[in-house]
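# Reading the structure
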Amino acid sequence: MRHRKKGRQLGRNTKHRKALFRNLLTALFEHERIETTEAKAKELRGLTDKVISLGKEGTLHARRRALSVLQSKAMVAKLFSDVAARFSNRSGGYTRTIKTRRRPGDAAEMVAIELIERGATAPTPKPATPTPATEGN
């Protein structure tokens, strides 16, 4: 019986599972939307909430704790400057999952997990406005 044992094992040992979630979390902050299996996404939600809460704290200790989970200093910098600012007035629930498809190989339910308030994507170029023809008399 697995009473009072929290979390999914996902058929992996502890070190492999921790590495998997560190990679998924880093990719989520880098791309702000990733596609993974439903079970992995459900486990990733709690970890994402904890790390964003660290970003909202903003202290040096919180930055070091986030760096122990995330894999790059650039993602920690993005978390503390950009992501934490977007969620400053929100107390939780920073991610959403959207069911996308079934994976062809094993029919696993795939979902897209994304940050609720995604950052601005690359700006779309404005259409060129025609300049009025000038007469050169």
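Below or above, wherever it landed, is the structure these notes cover. (Residues numbered from 1 in each chain as written. Predicted model: local features only at pLDDT ≥ 70, side-chain atom pairs only at ≥ 80, totals over all residues. Heavy atoms only, no water.)

## Overview of the overall build of the protein
Scanning the protein from N- to C-terminus turns up 4 helices and 3 strands. Counting all 137 residues of the protein, 31% fall into the buried class. Counted over contacts in the protein with a minimum sequence separation of 6, partners at least 24 positions apart contribute 58%. Accessible area of the protein: about 9,500 Å², with a carbon and sulfur share of 51%. (Helix = DSSP H or I, 4+ residues; strand = E, 2+ residues; numbered from the N terminus. Buried < 20%, exposed > 50% of the residue type's maximum accessible area, 1.4 Å probe, protein only. Contact = heavy atoms within 4.5 Å. Areas by Shrake-Rupley, 256 points an atom, 1.4 Å probe, with all protein chains shown as cover.)

## Observations concerning the packing of aromatic side chains
Tallying each qualifying case throughout the model produces 1 aromatic pair. Lying across the ring of phenylalanine 80, arginine 63 places its NZ or CZ 4.4 Å from the centre. (Phe/Tyr/Trp six-rings, centres within 6.5 Å; stacked < 30°, edge-to-face > 60°. Lys NZ or Arg CZ within 6 Å of the ring centre and 35° of its normal.)

## Topic: the packing of helix 2 (residues 38-57) against helix 4 (residues 73-86)
Put simply, helix 2 and helix 4 touch, their axes get as near as 8 Å, and they point 95 degrees apart. As judged from the angle between their axes, helix 2 and helix 4 are roughly perpendicular. Across from Val51, Ile52, Leu54, Gly55 and Lys56 in helix 2, the residues of helix 4 making contact are Leu79, Phe80, Val83 and Ala84. Partitioning the contact of helix 2 with helix 4 into residue classes produces 7 nonpolar, 1 polar and 1 charged. (Axes fitted to C-alpha atoms, helices over the stretch in contact; angles between N-to-C directions. Parallel < 35°, antiparallel > 145°, perpendicular 65-115°, else oblique. Nonpolar A, V, L, I, M, F, W, Y, C, P; charged D, E, K, R; others polar.)

## Let's talk about the nonpolar core
Formed by 25 residues in total, the largest nonpolar core has its most connected members in Phe29, Leu44, Ile52, Leu70, Leu79, Val83 and Leu115. Breaking this core down by element, the ones donating at least two residues are helix 1 (14-31), helix 2, helix 3 (60-69), helix 4 and strand 3 (109-115). At 6 residues, the largest contribution of residues to this core is made by helix 1. Contacts of phenylalanine 29, omitting those with residues within four sequence positions, involve Thr48, Val51, Ile52, Leu70, Met75, Lys78, Leu79, Val83 and Leu115. (Core = buried A, V, L, I, M, F, W, Y, C linked by side-chain atoms within 4.5 Å.)

## Some details on helix 4
It helps to recall that an α-helix has 3.6 residues per turn; residues three or four apart then point in one direction. Relative to the 20 Å expected for 14 residues at 1.5 Å per residue, helix 4 spans 19 Å between its end C-alpha atoms, a close match to the ideal helical length. The sharpest bend along helix 4 reaches about 40 degrees and sits at leucine 79. Along helix 4, the positions that sit buried rather than exposed are Met75, Val76, Lys78, Leu79, Phe80, Val83, Ala84 and Arg86. Contacts from the buried residues of helix 4 go to helix 1, helix 2, helix 3 and strand 3. (Expected span 1.5 Å × (residues − 1). Bend = angle between axes of the 7 residues up to and from the residue.)

## Brief notes about the sheet that holds strand 2 (residues 95-102)
Spatial ordering of the open sheet is given by 1-3-2, a layout of 3 strands whose pairing is antiparallel. Edge strands, defined here as strands with exactly one partner in the open sheet, are strand 1 (33-37) and strand 2. Going from strand to strand, the sheet's axes swing by 30 degrees on average, the running direction of each strand aside. Of the pairings in the sheet, the one linking strand 1 to strand 3 comprises 5 bridges and is antiparallel in character. (Pairing = 2+ DSSP bridges.)

## Comments concerning the pairing of strand 3
Most of strand 3 is tucked away: 7 of the 7 residues are buried. Alternating residues of strand 3 divide into Glu109, Val111, Ile113 and Leu115 and Met110, Ala112 and Glu114, and every residue in both groups is buried. In this structure, strand 2 lies alongside strand 3, joined through 7 bridges in antiparallel fashion. Bridging across to strand 3, arginine 101 finds its partner in methionine 110. Connecting strand 2 to the antiparallel partner strand 3 that follows it, the hairpin turn spans 6 residues, and alanine 107 within it adopts a positive phi of roughly 60 degrees.

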